[in-house]
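Survey of secondary and tertiary structure
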Amino acid sequence: MANTTYATDGAALRLAEVPTALLHLNLADRVDLSALCVDLGDAAGSGSSVGHVPTLTLTDNLSATAAEDTDIAATSISSGQVQLTVVRYSLVRKFSDLFAGTSGPGQAGPELIAADAANAISRTRSGLVAGLFGSASNDVGDSGVDLSVSNVYSAMYQLMNDGNSPRFACVLAPVQLTDFMEDMRGEAGPQQWIPASQAMLAAKGPGFSGEWNGIEFYTSPEVDTANAGADRQGCMFAQGAIGYREMSLNGIPGIAGISGIPAGLRAAIEFDRTGTAATSAYTVHYYPAFSVLEADRMVSITTDA
Amino acid sequence: MAVNKQKLTDVNSVEAVRPSRKDLRGNREFRMVHYPNHWNFDDTSGEFLPGLKTFSATPGCNGTPQNGNLSNVRSMVADRGGVFLEIGEAGRRQGLGEYADYVEFSINDANQRHFHTQWTTFDQIGNRVFPRHDEQGAKDFARYLVEKGIVRPLHPQIKEQLIDAQRRRVNGVRNRPNRDSEAQAQQDRLDAMRQGVSVAAVKEARENPTSPKPARKPRAAKSAGAVA
C-alpha cells in the first residue's frame, strides 16, 4: 500500500502556495522633508494658483549727517517677491475585479495599496524639497571627494557667516551620511568626546539620522546628483530657507467618491469605476508648490556620490 | 523641449532583462547651473573647473508652472549671479554647441523617465543597472564653458576661499592620529592648488627635489568682461 504523500496527492489536495502571515514591504523612502519648511497655507479659495511671498531686506544703519541741520536723502528699502505656483501631481492605481475580489486576509488588496497614498505624497514632497537644493548659491565640498567633517563645518560656517542662527537642518543622500560617519571615526580633539559624535556613528535608517553640533541630519534618496552624476547635492539650511503652499480639494464639487485622506494632508483620493472593463481605480491628487524663500539661508553640500 | 531620448533597450546587454526599478528610479527633469563661488579643483590637470549644480526643472519647484515654463527660475538664477545652462536650440544660442543636448533621459520598466546628463550611460548586468559616468567628458564640458566665456573665469577672491578651505582640511587631518599619509596627500593637493599644477607633479617634485620644478599650466583665455 502506497503512502499518502505531498508528492503524489498534494496537487489535488493542497494549494500550490499560500502567502505567509507577513506581507513584506520592500524598502521604500517614507521621509517627509516638508516638516523642515515653512507652511505658507492653503491655495484653495485664494484667487490664484500663483502665490507670492513678499520679501523685505532691512539692513541699513543710520548715517551721521554732515551738520546738525543737513537735509538728508531718504534711503530706499530693498524688496522683492518669491513665487509659489501650485501644480498638479497625481498617481493612479487600477485593479481588476478578479484581483480585488480574491484578496484575502493579510493580502495586498486595493485598500492596503491605497493606504500608501500618504507615503507617496511624502515622497513627492521630499522630492520637491530636494529639487531646490540646486538653488543654493553657496556651496561646500569637492567633486569626487567624500563628505568629511570639515565639509560639514564649512557649511555650518557659511550659514553662520551669512547671519543665520541655529538650529540648522542638513539633508544628505545616504552615501553622503555614511561618508560623514566614516570620516568622523577618525575625528580627534574635543569633537571626539562629545556624546553626539559617538551617537552619529550608530547605524541609522532613512529620515532623521541624528543631531550633531546643533544640526539635525536627515537622509533622503531624493537628493539629486550633481556634476554630471559624479556627486550628490545635499544641503544644509536654516529655518525659513524653504517655503511651501498646497491646495486642498475639500470644496471641489463633482469629485465623486472622494475619500478621506490622512489627517493634515491637503490632497484627495478619488475612486473610479469602469464597469465595462470590470476595473476600479483610485487616483491621488495633490497640488503643491515649493520654493526657496532666501538663498542665503542655505548652502549646498556637493560631494562624491 | 528638445531632449535626446535614450532607451535602456538600446544598451548593449547579454540578456533581454527588464531593468530593475530600484536601480533606475523615475526622477525630476533638470538643468545645470553654475554659481560664481562653485569651483572644483581637478587633481589631474591642476586647474579649477566650474562646478555644475543640478537645478530641478520640475513644475511646482521655484515657481515653475504646470507647463514647465522656466522663466521664473532663469531670473532667479541670474539674480544670484549664476549661469543657467539651456538645452536644445536655446542652448545652441547660448553657445553650448555640441553640448546643447546635455540632458537626456532613459525609460524604466514602470514607464517613468530617469533624467541624466549625456555623460551617463547604463550597463545592464543580469537584472541590475549600473550607471557609468564619463568623468573626463564632464570635465571637458566644464572647461568648454570657461573657454567659450559662458562661465566667467574663477575670481581671485573665490580662489583664495577655496584654497583656505583646503588649508582647513589639511589642518583637520593633521590633528588626527595616524593620518600622516592622508595629511601629506591633502598637503600635496593644497600645494597643487596654490601652484596651479597637477597633484602628481607636486608629489613628484616633493619626492625628487632635484627634478625641475613643475611648470605652471598656461591660463585659460579670459572672456570678455572677465574679472581681473
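Residues numbered from 1 in each chain as written. Chains lettered and ligands numbered in written order. Predicted model: local features only at pLDDT ≥ 70, side-chain atom pairs only at ≥ 80, totals over all residues. Heavy atoms only, no water.

1. Points about the confidence of the model for chain A
- Summarising the model, chain A shows a mean pLDDT of 86, and 92% of its residues fall at 70 or more.
- The spread of mean pLDDT over the elements of chain A runs between helix α3 (residues 110-114) of chain A, the lowest at 75, and strand β6 (residues 168-172) of chain A, the highest at 95. (pLDDT = per-residue confidence, 0-100. Helix = DSSP H or I, 4+ residues; strand = E, 2+ residues; numbered from the N terminus.)

2. Quick look at the pattern of salt bridges
Residue and element names in this part refer to chain B.
- According to the stated counting rule, one finds 27 salt bridges over all chains in the structure shown.
- Between Arg143 and Asp42 there is a salt bridge, with its nearest N and O atoms 3.9 Å apart. Placement of Arg143 in helix α3 (residues 135-147) and of Asp42 in strand β3 (residues 39-42) is noted, with a sequence separation of 101 residues between them.
- Relative accessible area serves as the criterion here: at 18%, Arg143 is assigned to the buried category.
- Residue Asp42 is classed as buried on the basis of its relative accessible area of 5%.
- A salt bridge links Asp123 to Arg132; its shortest N-O distance comes to 2.6 Å. (Salt bridge = Lys/Arg side-chain N within 4 Å of Asp/Glu carboxyl O. Buried < 20%, exposed > 50% of the residue type's maximum accessible area, 1.4 Å probe, protein only.)

3. Here's the deal with the sheet that holds strand β6 (residues 83-85) of chain B
Residue and element names in this part refer to chain B.
- Taken together, 3 strands build an open sheet; the order of strands is β5-β2-β6 and the sheet is antiparallel. The outermost strands of the open sheet, each flanked by one partner alone, are β5 (53-56) and β6. Along the sheet, successive strands turn relative to each other by an average axial angle of 40°, direction set aside.
- Alignment of strand β2 (residues 30-34) against β5, held across 4 bridges, turns out to be antiparallel. Paired with Met32 across the two strands is Thr54, which belongs to β5.
- Of the strands in this sheet, β2, β5 and β6 are in contact with helix α1 (residues 71-79), which crosses β6 at around 145°. (Pairing = 2+ DSSP bridges. Axes fitted to C-alpha atoms, helices over the stretch in contact; angles between N-to-C directions. Contact = heavy atoms within 4.5 Å.)

4. Here's the deal with the packing of aromatic side chains
- Per the stated rule, a full pass over the model turns up 18 aromatic pairs over all chains.
- Each ring, one from Phe208 of chain A and one from Tyr218 of chain A, has its centre 5.4 Å from the other, and the planes form 65°; the classification is edge-to-face. Separated by 10 residues along the polypeptide, Phe208 of chain A in strand β7 (residues 207-212) and Tyr218 of chain A in strand β8 (residues 215-219) bring together distant segments of the chain.
- Relative accessible area serves as the criterion here: at 47%, Phe208 of chain A is assigned to the partly exposed category.
- Members of the aromatic cluster, each reached through a chain of ring pairs, are Tyr153, Tyr157, Phe180, Trp212 and Phe217 of chain A.
- The ring centre of Phe105 of chain B lies 4.4 Å from the NZ or CZ of Arg113 of chain B, which sits over that ring. (Phe/Tyr/Trp six-rings, centres within 6.5 Å; stacked < 30°, edge-to-face > 60°. Lys NZ or Arg CZ within 6 Å of the ring centre and 35° of its normal.)

5. Structural notes on the interface of chain A and chain B
- Contact residues are listed per partner, giving 50 residues for chain A and 39 residues for chain B.
- Both faces combined, the contact of chain A with chain B buries some 3400 Å², and carbon together with sulfur accounts for 40% of it.
- Contact with chain B buries area across many residues of chain A, yet Ser137, Asn227 and Ala228 of chain A alone supply 16% of it, more than any other trio.
- Summed over the shared surface of chain A and chain B, the result is 4 salt bridges.
- The closest approach of N and O atoms between Glu222 of chain A and Arg28 of chain B, which form a salt bridge, is 3.2 Å.
- For the pair chain A and chain B, the interface holds 25 residue pairs in polar contact (both at pLDDT 80 or more). (Buried area = accessible area lost by both parts, 1.4 Å probe. Polar contact = N/O pair within 3.5 Å; in protein donor to acceptor, adjacent residues only side chain to side chain.)

6. Details of the pairing of strand β10 (residues 231-238) of chain A
All names here are of chain A.
- By the criterion of burial, β10 is predominantly enclosed, with 7 of the 8 residues buried.
- Here β6 runs beside β10; their pairing, made up of 4 bridges, is antiparallel. Across the sheet, the residue bridging to Val171 is Cys235, located in β10.
- One ladder, built from 2 bridges, connects strand β9 (residues 225-226) with β10; its direction is antiparallel.

7. Quick notes on the environment of Val38 of chain A
Residue and element names in this part refer to chain A.
- By the secondary structure assignment, Val38 is in strand β1 (residues 38-42).
- A relative accessible area of 25% means that Val38 is categorised as partly exposed.
- Spatially, the C-alpha atoms of Val38 and Arg232 are 25 Å apart, while their sequence positions differ by 194 residues.
- Once you skip the residues sitting within four places of it in the chain, Val38 turns out to touch Gln239, Gly240, Ile242, Gly243, Tyr244 and Leu293.

8. Focus on unusual backbone geometry
- Of note, the amide linkage connecting Pro166 of chain A to Arg167 of chain A takes the cis form, showing an omega dihedral of 15°.
- Structurally, Arg167 of chain A can be placed in the loop between α5 (149-161) and β6.
- A positive phi angle, close to 55°, is found at Asn213 of chain A, a residue other than glycine.
- We note that Asn62 of chain B has phi near 55°; this positive angle belongs to a residue other than glycine.

9. A closer look at the nonpolar core
- By size, the foremost hydrophobic cluster in this structure holds 37 residues, and its most contacted members are Leu85, Leu96, Tyr102 and Phe141 of chain B.
- Of all the secondary structure elements, the ones that give two or more residues to this core are β2, β3, β6, β7 (103-107), α3, α4 (156-174), α5 (180-195) and α6 (199-207) of chain B.
- The element best represented in this core is α3 of chain B, accounting for 5 residues.
- Of all hydrophobic cores here, the second largest spans 33 residues; its members include Leu36, Leu132, Tyr282 and Tyr286 of chain A. (Core = buried A, V, L, I, M, F, W, Y, C linked by side-chain atoms within 4.5 Å.)

10. Remarks on the side chain of Ser248 of chain A
Residues and elements named next belong to chain A.
- Within the element layout of this structure, Ser248 appears in the loop between β11 (242-247) and β12 (267-274).
- Ser248 sits in the buried class, given a relative accessible area of 13%.
- Within the local environment of Ser248, its side chain forms a polar contact with the side chain of Asp42, the two groups lying 2.5 Å apart.
- The residues contacting Ser248, other than those within four sequence positions of it, are Asp42, Ala44 and Arg266.

11. Here's the deal with α4 of chain B
- The terminal C-alpha atoms of α4 of chain B, which comprises 19 residues, lie 27 Å apart, in line with the 27 Å expected from a rise of 1.5 Å per residue.
- The complete set of buried residues in α4 of chain B reads Ile158, Leu162, Ile163, Gln166, Arg169, Val170 and Val173 of chain B. Mapping the buried residues of α4 of chain B onto a view down its axis gives an arc of 140°, with all of them on the same face.
- Its buried side turned inward, α4 of chain B meets α5 of chain A together with β3, β4 (47-50) and α5 of chain B. (Expected span 1.5 Å × (residues − 1). Arc of directions from axis to C-beta.)

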